[in-house]
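# Descriptive analysis of the structure
Chain by chain, the residues:
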Amino acid sequence: MTIATLAEVLQPALDKGYAVAGLVTLGWEDMCAYVEAAEAEGCPVILQAGPSCRAHTPLPILGKMFRHLAEQATVPVVAHLDHGYSLDDCRMAIDAGFTSVMFDGSRKPLQQNIDETAAIAALAHDANVSCEGEVGFVGYANGEQSAGTDPTEAATFALQTGVDAMAVSVGNVHLQQSEGTGLDIDRIRAIEAATNIPLVIHGGSGVPKAQRRALAHSSNVCKFNIGTELRMTFGTALRQTLNDHPDQFDRLEILKATINPMTMVTRDILRELMPD
């Protein structure tokens, strides 16, 4: 069994200069594709259950699915709760067998965010589970606007919460379907100068691939969350299958056809983040 915590995969990445992909899951097929890709590339992978995934499949079931895949894998697999919004969310994930929880208090005043994140980090660490927090709100494409992370606040947050990884807002946005103009490198360097903790980029699909690769090898960014570009790959593969086989009605056969395309794209993502 190679189930791992977030700290167990991110600290080596910080020390050796690479990043690990946090891959957004929505169902069994993409989970299988992500682990298959990680096996092929010989690298760790973080399986992430965000709010939309949890709305579709109960947390206890997701925990069992993640851990089952980890039991079959020879590479480290992290079972990660993405965007937990309360202590109860995180406690439920820990009880369900997750090895990492992310508490998102980024919309809250700084001190409230610190206090609530610290309580969840303590709860997680007591259970030998990792905790990711967020300081500076990461917005959404065609939605809420971002509020960039202040480096001084980031240092205070990291020190007072005891989190294992810190998500930051440095020009990244969620749900971006094409590459944006890139991240604010000056802000990243200022955050690095103020703290020495693995940094996380949410909305990694919108980061230009060349910059993703460069930051993975030359910064404290140790985790890129990737969801939208993988969901787009899934949708394209699904439409192609239905167009090619209009008489196909068996959902198992239809969905199975998405696994190989998802695996191939995931391998490319993993490869660009790992050491040369």
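Residues numbered from 1 in each chain as written. Predicted model: local features only at pLDDT ≥ 70, side-chain atom pairs only at ≥ 80, totals over all residues. Heavy atoms only, no water.

## Notes on the nonpolar core
Going by this rule: Grouping buried Ala, Val, Leu, Ile, Met, Phe, Trp, Tyr and Cys residues that are joined through side-chain atoms within 4.5 Å yields what is termed a nonpolar core. Remark: exposure states derive from per-residue accessible area (1.4 Å probe, protein chains only) relative to the maximum for the residue type, with buried under 20%, exposed over 50%, and partly exposed in between. Numbering of helices and strands runs from the N terminus; a helix is a DSSP stretch of H or I covering at least four residues, while a strand is a stretch of E covering at least two. The contact criterion used is simple: two residues touch if any of their non-hydrogen atoms lie within 4.5 Å.
L10, F98, V101, M166, I201 and F224 are the most contacted members of the largest nonpolar core, which totals 80 residues. The biggest single contributor to this core is helix α2 (residues 28–41), with seven residues. Contact partners of F98, with chain neighbours within four places excluded, come to A49, L59, L62, G63, F66, A79, H80, L81, A93 and V129.

## Digging into the packing of aromatic side chains
Under the convention used in this document: A pair of aromatic rings is counted whenever rings of Phe, Tyr or Trp (Trp by its six-membered ring) have centres within 6.5 Å, and the orientation is called stacked for planes under 30 degrees apart, edge-to-face for over 60 and tilted otherwise.
All told, the structure shown has two aromatic pairs when counted by the stated rule. Taken together, a centroid distance of 5.6 Å and an interplanar angle of 65° make the contact between F66 and F98 edge-to-face. You can see F66 sitting in helix α4 (residues 59–72) and its partner F98 sitting in the loop between α5 (87–95) and β5 (100–103), a full 32 residues away along the chain. Of the residues examined, F66 reaches a relative accessible area of 0% and is grouped as buried. The buried category is assigned to F98, whose relative accessible area is 2%.

## So, helix α6 (residues 110–126)
Heads up, the condition is: Multiplying 1.5 Å by the residue count of a helix minus one yields the expected span of that helix. Directions drawn from the helix axis to the C-beta atoms are what define this arc.
The end-to-end C-alpha distance of α6, which contains 17 residues, comes to 24 Å, matching closely the 24 Å that a straight helix rising 1.5 Å per residue would cover. All of the buried residues in α6 are N113, I114, T117, I120, A121 and A124. Down the axis, α6 shows its buried residues gathered within 140° of arc, on one side only. Lining the buried residues of α6 we find α5, β5, β6 (130–135) and α7 (151–161). Once α6 ends, the next one or two residues include N128, with phi positive near 60°.

## Observations regarding the side chain of T263
We count it as follows: Any N or O atom pair separated by 3.5 Å or less is treated as a polar contact, with the protein-specific requirement of one donor-capable and one acceptor-capable atom, and with residues adjacent in sequence counted only for side-chain atom pairs.
Here T263 shows up in helix α12 (residues 259–273). On the basis of relative accessible area, T263 is assigned to the buried category, the value being 1%. At a separation of 2.8 Å, a polar atom in the side chain of T263 contacts the main-chain carbonyl oxygen of I259. Discounting chain neighbours no more than four positions away, the residues touching T263 are A33, E36 and A37.

## Some thoughts on helix α10 (residues 228–244)
The periodicity of an α-helix, 3.6 residues per turn, causes residues three or four places apart in sequence to face the same way. Between its terminal C-alpha atoms α10 stretches 24 Å, which fits the 24 Å expected from 17 residues at 1.5 Å a residue. All buried positions along α10 are accounted for by T228, E229, L230, T233, G235, A237 and T241. Of the surrounding elements, those touching the buried residues of α10 are β2 (20–24), α2, α9 (209–218), β9 (221–226), α11 (251–256) and α12.

## A closer look at the state of the cysteines
To keep things clear, this is the line we draw: Here, a disulfide means two cysteine sulfur atoms that sit within 2.5 Å of each other.
Inspection of the entire model under this criterion finds zero disulfides. Cysteine C90 shares no disulfide, and the gap to the nearest cysteine sulfur, in C131, comes to 6.5 Å.

## Some details on unusual backbone geometry
In the Ramachandran plot, H83 falls in the positive-phi region, its phi being about 55° despite a non-glycine side chain. A positive phi angle, close to 60°, is found at N128, a residue other than glycine.

## Here we look at the packing of α7 against helix α8 (residues 185–194)
Cut-off, in case you're wondering: An axis is simply a line fitted to the C-alpha atoms; with a helix, the fit covers only the stretch in contact. Between two such axes, the angle follows the N-to-C directions and lies from 0 to 180 degrees. The scheme is simple: roughly parallel for angles under 35 degrees, roughly antiparallel for over 145, roughly perpendicular for 65 to 115, oblique for anything else. Left-handed describes a crossing in which the near helix is turned anticlockwise from the far one by less than a right angle; the clockwise case is right-handed. Three classes are used: nonpolar for Ala, Val, Leu, Ile, Met, Phe, Trp, Tyr, Cys and Pro, charged for Asp, Glu, Lys and Arg, and polar for all others, with Gly counted as polar.
Their axes nearest at 8 Å, the elements α7 and α8 cross at an angle of 40°. When the interaxial angle is binned, α7 and α8 end up oblique. Viewed along their axes, α7 and α8 form a crossing whose handedness is right-handed. For the pair α7 and α8, contact is made by P151, A154 and A155 and by A190, I191 and A194, respectively. Considered class by class, the residues forming the contact of α7 with α8 number six nonpolar, no polar and no charged.

## Observations concerning the pairing of strand β4 (residues 77–84)
Convention followed: Here the rule is simple: two strands pair whenever DSSP picks up at least two bridges between them.
Across the eight residues of β4, eight count as buried, placing the element largely inside the fold. Of the strand pairs in this sheet, strand β1 (residues 3–4) and β4 are connected by two bridges, and their pairing is parallel. Note on β4: the bridge partner recorded for A4 is V78. With five bridges connecting them, strand β3 (residues 45–49) and β4 associate as parallel partners. When the sheet's bridge partners are listed, V45 is paired in β4 with V77. Here three bridges tie β4 to β5, and the two strands are oriented parallel to one another. Its bridge partner lying in β5, G84 is registered against F103.

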